[in-house]
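Listed below, chain by chain, are the residues.
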Amino acid sequence: MIDSPSNAIVKELQALVLPRGRREQGRFLVEGVRLVNDALRAGWVPESALLNSDLLSRTGEGRQLLHKLDSLRAQEMHRQALNYASERALAAASDTKHPQGIIAAFKLPAWEMPTAIERPLLLVCDDVQDPGNLGTILRSAEAAGVQAVLLTANCVDIYNPKVVRAGMGAHFRLHTFPDLSWERVKATLGAAGVLPARVFAADTGGVLDYDHVDWKQASALIISNEAHGSSEQARQTAHGGLLSIPMLGGTESLNSAMAATVILFEAARLRRVTVGER
């Protein structure tokens, strides 16, 4: 059992809290029973992990996960990657105040853009900097049937641990393409057949109601930083128009995560896409 906070594996997991560590190792940090279970169900296997049987055994879901991890440890190829650790070692590697008994490192994915998609629905995140908002946007996008998410270079790191936690497993199922220049964003939208006429941007100054769009057609939605609104590049790319969400109360606007969720699920409803369907 690993007990020392200075253990090499603990130090490697600690480093994944920061972007530099993720770049150097080519891995990202995942904590918690539910997230690791989501990863396993999606076919992902940790490259490295610390687990504590006492903590995991406190819940039914934790016990199920422990059984899965023990089954993996029985295989020679995974034995050295999955290590039992004390609560002290777990706390040293954790990015949360109360670790649930499992901290894992997964390889950064290299998604390929889906091809031959009929009526694609794409999402562009433009300068979304709040980790909780970005994670929620990814969660909603995956649930609403978005095929791919393009993220501009000014967005918060998609593998920031706070983004991963808020994404609730979307990182393991949703095709995401971070750190893109606007030139690459436009080229990708053009290849998908949605640029120029079928790209829309949510904006507080929008004049086109989001539910007046024919989302049944191939489309892309741009969601920007709610504090600053749509960037000039976003406005220039959104030839389909700037969208508004009518407010019946006194609220002036929604944050980026809520706006994305409202619009994407309207698009899903019109496209007859049920939650989780591809």
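One structure accompanies this document, and this report is about it. (Residues numbered from 1 in each chain as written. Predicted model: local features only at pLDDT ≥ 70, side-chain atom pairs only at ≥ 80, totals over all residues. Heavy atoms only, no water.)

**Description of the packing of aromatic side chains**
Given two aromatic rings, their pairing is described by the distance between the two centres and the angle made by the two planes.
Phase 1 of the analysis: Applying the stated criterion to the full structure yields nine aromatic pairs.
Phase 2 of the analysis: Geometrically, the ring pair formed by Phe28 and Tyr159 is tilted, given 4.9 Å between the ring centres and 45° between the ring planes. One end of the pair, Phe28, is in strand β1 (residues 27–31); the other, Tyr159, is in the loop between β6 (148–152) and α9 (161–167), and 131 residues separate them in sequence.
Phase 3 of the analysis: Ring centres 6.4 Å apart and planes at 65° place the aromatic pair Trp44 and Phe106 in the edge-to-face group. (Phe/Tyr/Trp six-rings, centres within 6.5 Å; stacked < 30°, edge-to-face > 60°. Helix = DSSP H or I, 4+ residues; strand = E, 2+ residues; numbered from the N terminus.)

**A closer look at the pattern of salt bridges**
Phase 1 of the analysis: What the rule picks out here adds up to eleven salt bridges.
Phase 2 of the analysis: Arg235 serves as the salt-bridge partner of Asp203, at 3.2 Å between the closest nitrogen and oxygen. Pair noted here: Asp203 is in the loop between β8 (199–202) and β9 (208–209) and Arg235 is in helix α11 (residues 232–237), with a separation of 32 residues, a long-range link. (Salt bridge = Lys/Arg side-chain N within 4 Å of Asp/Glu carboxyl O.)

**Examining helix α5 (residues 60–73)**
Phase 1 of the analysis: An ideal rise of 1.5 Å per residue puts 20 Å on 14 residues; α5 measures up with 20 Å between its terminal C-alpha atoms.
Phase 2 of the analysis: Every buried residue of α5 is listed here: Gly62, Leu65, Leu66, Leu69 and Leu72. The buried residues of α5 occupy one face: seen down the axis, they fall within an arc of 120°. α5 presents Gln64 and His67 as exposed residues on the side facing more than 90 degrees away from its buried surface.
Phase 3 of the analysis: Here the buried face of α5 lies against α3 (33–41), β2 (48–51), α4 (53–56), α6 (76–79), β3 (82–84) and β4 (102–107). (Expected span 1.5 Å × (residues − 1). Buried < 20%, exposed > 50% of the residue type's maximum accessible area, 1.4 Å probe, protein only. Arc of directions from axis to C-beta. Contact = heavy atoms within 4.5 Å.)

**A few points about the nonpolar core**
Phase 1 of the analysis: Counting 57 residues, the largest nonpolar core has Ile102, Leu123, Cys125, Val149, Trp215, Leu221 and Leu264 as its most contacted members.
Phase 2 of the analysis: Looking at which element gives the most residues to this core, the answer is helix α12 (residues 256–270), with eight residues.
Phase 3 of the analysis: Excluding its chain neighbours within four sequence positions, the residues that come into contact with Ile102 are Val30, Glu31, Gly32, Val33, Val36, Ala49, Leu50, Leu51, Leu56, Leu65, Leu69 and Leu90.
Phase 4 of the analysis: In this structure, Leu180, Ala218, Ala234 and Ala238 belong to the second largest nonpolar core, which totals 18 residues. (Core = buried A, V, L, I, M, F, W, Y, C linked by side-chain atoms within 4.5 Å.)

**What to know about the sheet that holds β2**
Phase 1 of the analysis: The four strands are arranged β1-β4-β2-β3 in an open sheet whose pairing can be described as mixed. On the outer flanks of this sheet lie β1 and β3, each paired with one strand and no other. Here the strands of the sheet are splayed against their neighbours by 20° on average, with no regard to which way each runs.
Phase 2 of the analysis: Pairing geometry for β1 and β4, over five bridges, is antiparallel. Counted as the bridge partner of Leu29 is Ala105 from β4.
Phase 3 of the analysis: α3 contacts β1 and β4 of the sheet and is inclined by roughly 35° relative to β4.
Phase 4 of the analysis: On the sheet, α5 packs against β2, β3 and β4 and is oriented at approximately 120° with respect to β3. (Pairing = 2+ DSSP bridges. Axes fitted to C-alpha atoms, helices over the stretch in contact; angles between N-to-C directions.)

**A look at the packing of helix α8 (residues 131–143) against α12**
Helix-helix packing is characterised by the crossing angle of the two axes and by the distance between the axes.
Phase 1 of the analysis: Viewed as axis vectors pointing N to C, α8 and α12 meet at an angle of 10°, and their least axial separation amounts to 8 Å. Considering the angle they form, α8 stands roughly parallel to α12. Residues Asn133, Thr136, Ile137, Ser140, Ala141 and Ala143 of α8 pack against Ser256, Ala257, Ala260, Thr261, Leu264 and Phe265 of α12.
Phase 2 of the analysis: Taken together, the residues of the contact of α8 with α12 break down into seven nonpolar, five polar and no charged. (Parallel < 35°, antiparallel > 145°, perpendicular 65-115°, else oblique. Nonpolar A, V, L, I, M, F, W, Y, C, P; charged D, E, K, R; others polar.)

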